[in-house]
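The primary structure of each chain is shown beneath.
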Amino acid sequence: MMIARLKNIFNSTLHLFYPHVCTGCGSDLLEEDNLLCLRCINDLPDTNFANMPNNPVEKYFWGRLTLTAAYSQFYFSKEFLIQHLIHQLKYKGDTEIGFYLGELMGRSILQSDRFNSIHALIPLPLYADKERKRGYNQAAIICNGMSSVMNVPVLNGAVIRQHATETQTRKHRTERWENVKGSFKIVKENEVKNKHLLLVDDVVTTGATLEACGNIILQVPNVKLSIATLAYAAK
Ligand SMILES: [Zn+2]
């Protein structure tokens, strides 16, 4: 209790002396509504995939999912700030940075004519217990940022993820798909049908989870599906 209070005092004092610093490098920020300084923004490894038909993310899903368009905003690389920012979002409770990166994605999408018929965003669902533990779904936070720029709704809870699977790290891609494919379920078909949906996640790695969820969404009548992720880590 005492420690928490001291921590609070410490934080607000810190805030007094450093009212606005970059989440990336800690340098002072001039513009209050930014979370990153210009140098950090410019250092983010942009893919420019949003405007690129047949980009590596789309090719990655060829033969696996019928997509209208797909893209990732950044390359995921351990040397880059983006890895730190995603870590802050997923494990340190920094939802602000997730919303901010979502806004960046929304702007890229608006500048591209390949995503202009999107009706709604679907955050890749987490298992309920995992979301409860974390306090939020990081994909939903990204969606909120995107939604604020794109002016399309976020369909939270239209698709759910049902049960935990065993650890997937050492499995072959096809086995991984078998492992996750049964775990997604559409619960609000009316919100999903007859729409062009953008399925959103933080990082695409094997694509197995997005593929499993995408396949379920594509079973709903008259649906078109696109995918957007914050980062691309596929080999
Ligand atoms: Zn910076």
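From a predicted model like this one, the values you see are computed outputs, not experimental measurements.

## Focus: the packing of helix H4 (residues 81–91) against helix H5 (residues 95–111)
It is the contact of H4 with H5, at a shortest axis distance of 7 Å, that shows an interaxial angle of 125°. Between H4 and H5, the angle falls in the class oblique. Where H4 crosses over H5, the handedness of that crossing is left-handed. Of the residues in H5, those touching H4 at Ile82, Leu85, Gln88 and Leu89 are Thr95, Ile97, Gly98 and Leu101.

## Overview of the sheet that holds strand E2 (residues 120–123)
Taking strand neighbours across the sheet as the criterion, the 4 strands line up as E1-E6-E5-E2 in an open arrangement whose pairing is parallel. Sheet topology places strand E1 (70–75) and E2 at the edges, where each strand pairs with a single neighbour. Across this sheet, the average inter-strand angle for adjacent strands is 20°, counted without regard to direction. Pairing geometry for E2 and strand E5 (residues 196–204), over 4 bridges, is parallel. Looking at the pairing, alanine 120 lines up with leucine 197 of E5. In the packing of helix H7 (residues 138–150) onto the sheet, contacts are made with E2, E5 and strand E6 (224–232), and the angle to E5 comes to roughly 130°. Against the sheet, helix H10 (residues 208–217) touches E2, E5 and E6, its axis set at about 170° to E5.

## Observations concerning the nonpolar core
Core analysis: the biggest nonpolar cluster contains 69 residues, and Leu101, Leu121, Met146, Leu197, Leu198, Leu199 and Ile217 have the highest contact counts within it. With residues up to four places along the chain from it excluded, the contact list for isoleucine 217 reads Ile122, Val159, Ile186, Val192, Leu197, Leu199, Val223 and Leu225.

## Concerning the pattern of salt bridges
Here the structure, examined in full by the defined rule, presents 3 salt bridges. The partner of lysine 90 in a salt bridge is aspartate 202, and the shortest N-O contact between them spans 3.2 Å. With lysine 90 in helix H4 and aspartate 202 in strand E5, this pair connects stretches of sequence that are 112 residues apart.

## Structural notes on the environment of serine 77
Looking at the element boundaries, serine 77 is found in the loop between E1 and H4. With 154 residues separating them in the primary sequence, serine 77 and alanine 231 have C-alpha atoms 8.9 Å apart. Apart from residues no more than four positions distant in its own chain, serine 77 is found in contact with Ile82 and Gln83.

## Remarks on the coordination of the zinc ion
Every protein donor of the zinc ion is listed here as Cys22 (SG), Cys25 (SG), Cys37 (SG) and Cys40 (SG), and their distances to the metal cover 2.3 to 2.4 Å. For the zinc ion, the 4 donor atoms in the first shell make angles of 104 to 115° at the metal, so the coordination geometry reads as tetrahedral. Written as a sequence motif, the donor residues of the zinc ion are C-x2-C-x11-C-x2-C. Here the residue cysteine 25 occupies a position in the loop between helix H1 (2–17) and helix H2 (38–43), and cysteine 37 occupies one in the loop between H1 and H2, the gap between them amounting to 12 residues. Judged by relative accessible area, which is 10%, cysteine 37 ranks as buried.

What counts, and where the lines are drawn
Residues numbered from 1 in each chain as written. Predicted model: local features only at pLDDT ≥ 70, side-chain atom pairs only at ≥ 80, totals over all residues. Heavy atoms only, no water. Axes fitted to C-alpha atoms, helices over the stretch in contact; angles between N-to-C directions. Helix = DSSP H or I, 4+ residues; strand = E, 2+ residues; numbered from the N terminus. Parallel < 35°, antiparallel > 145°, perpendicular 65-115°, else oblique. Left-handed = near helix turned anticlockwise from the far one by under 90°. Contact = heavy atoms within 4.5 Å. Pairing = 2+ DSSP bridges. Core = buried A, V, L, I, M, F, W, Y, C linked by side-chain atoms within 4.5 Å. Buried < 20%, exposed > 50% of the residue type's maximum accessible area, 1.4 Å probe, protein only. Salt bridge = Lys/Arg side-chain N within 4 Å of Asp/Glu carboxyl O. Donors = N, O, S within 2.8 Å, 3.2 Å for Na, K, Ca; no water. Tetrahedral: all angles 85-135°; square planar, octahedral: opposite > 155°, others 65-115°.

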